[in-house]
Amino acid sequence: MNYLLRSSFVTILVLAAVCAGTANAQVVPGTPGPNLPVPEQTNVPQNAALNPALPTIFIVGDSTARNKADLGWGDHFAHYFDLTKVNVANRAIAGRSARSYMNEGAWDKVLAEMKAGDYVMLQWGQNDGGDLGGAKPRGDLRGDGDATQDVMQSVGVLAGKVETVHTYGWYNRKYVADTLAKGATPMFLSMTIHNSWKPDATGTPHVSLDMRFGPVMWKIAQEDHLGFIDMAPVEATRMESVGKEKAALWFPIDWVHTSPEGAELNAQSVVIALEIAKSPLVKYLKEQVPIPPDVMAATKASEASLAANVDAASVTPPPRSTPPAAPAQ
């Protein structure tokens, strides 16, 4: 199914759900939104047994990639690939940052599974602007340097101990070094899109790209000759093609987390971004997804923004401003 047909099909499903009244369902914060249909082919077990004879694509990230039942794009990714040629292993964990995923031992478990010839897709940023200590100690220090800060922890695996906190770039460089040491190939992904819009000079609303963390990962990718899979402008273009009101239907929970349909579209955006980046993963696809011309232009503009914000990214990214209100249900 090509890009336009798939996008139209999903939009029809969403609108049909609205007409049926599901869009008016009561949503409790922290729980999934309306139970809209999910394509059957996405129901690949999250921890399916890996065929040791095949290379594996590991997804390492947060709740935007794996969140409850089918709410993360990583659970909608496998059906794009020929699973007789490659494994797809979603190892993302909701609520984690580059720092906390490593501290809690999740990364060590992935390394234990990893072998030469595998691939690791790293996607962080949603939780990396948090606190260094306190109830949710998952934030990182600024940028990409060697700065450290000792912080007494009161919760989690390091409770009662002093933790040496590193920079966001330091953690990501460690992921890269560990992956390369295994003979595997690391690559970075830009953050998934938030349901956040800003008007241009004419008053036309556009999706705002989050530039708090991407420039650091882009910088490391450029310096170490790694793949940077920029899925954000792909998804932003798709959202703008349907407009603010229809795009909001893909965010029934809050401004960050999507419905199953939104997760499916995010997965497709990752595939398109892989094709644009000419990633080695493209050879494992069942078939390539056509790349719309406007997506290519948006990707070039995003790359220019990433490059322009590299210096700004050396400063601790501030928390985003007050999130926009969730769409009315």
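Relevant structure appears above.
From a predicted model like this one, the values you see are computed outputs, not experimental measurements.

Asker: Mind showing me how you'd approach helix H3 (residues 106–113) here?
Answerer: For H3, the complete set of buried residues consists of Ala106, Trp107, Val110 and Leu111. All buried residues of H3 lie within an arc of 140° about the axis, which places them on one face of the element. Exposed residues lying more than 90 degrees from the buried face of H3 are Asp108, Lys109 and Ala112. Contacts from the buried residues of H3 go to strand S1 (56–60), helix H2 (98–103), strand S3 (119–122) and helix H4 (168–181).

Asker: Would you explain the packing of aromatic side chains in this entry?
Answerer: Within a pair of aromatic rings, the relevant descriptors are the distance that separates the centres and the angle that separates the planes. Under the counting rule described, the total for this entry stands at eight aromatic pairs. On the basis of an interplanar angle of 80° and a centroid distance of 4.8 Å, the ring pair of Trp107 and Tyr175 is categorised as edge-to-face. Residue Trp107 is located in helix H3, and its partner Tyr175 is located in helix H4; the two are separated by 68 residues in the primary sequence. Of the two residues, Trp107 and Tyr175, both sit in the buried class. Here the aromatic rings of Tyr119 and Tyr284 are separated by 6.1 Å at their centres, their planes lie at 70°, and the arrangement is edge-to-face. Here Tyr119, found in strand S3, pairs with Tyr284, found in the loop between helix H8 (260–276) and helix H9 (293–308); they are 165 residues apart in sequence, far enough to count as distant. The same class applies to Tyr119 as to Tyr284, namely buried.

Cut-offs used in this document
- Residues numbered from 1 in each chain as written.
- Predicted model: local features only at pLDDT ≥ 70, side-chain atom pairs only at ≥ 80, totals over all residues.
- Heavy atoms only, no water.
- Buried < 20%, exposed > 50% of the residue type's maximum accessible area, 1.4 Å probe, protein only.
- Helix = DSSP H or I, 4+ residues; strand = E, 2+ residues; numbered from the N terminus.
- Arc of directions from axis to C-beta.
- Contact = heavy atoms within 4.5 Å.
- Phe/Tyr/Trp six-rings, centres within 6.5 Å; stacked < 30°, edge-to-face > 60°.

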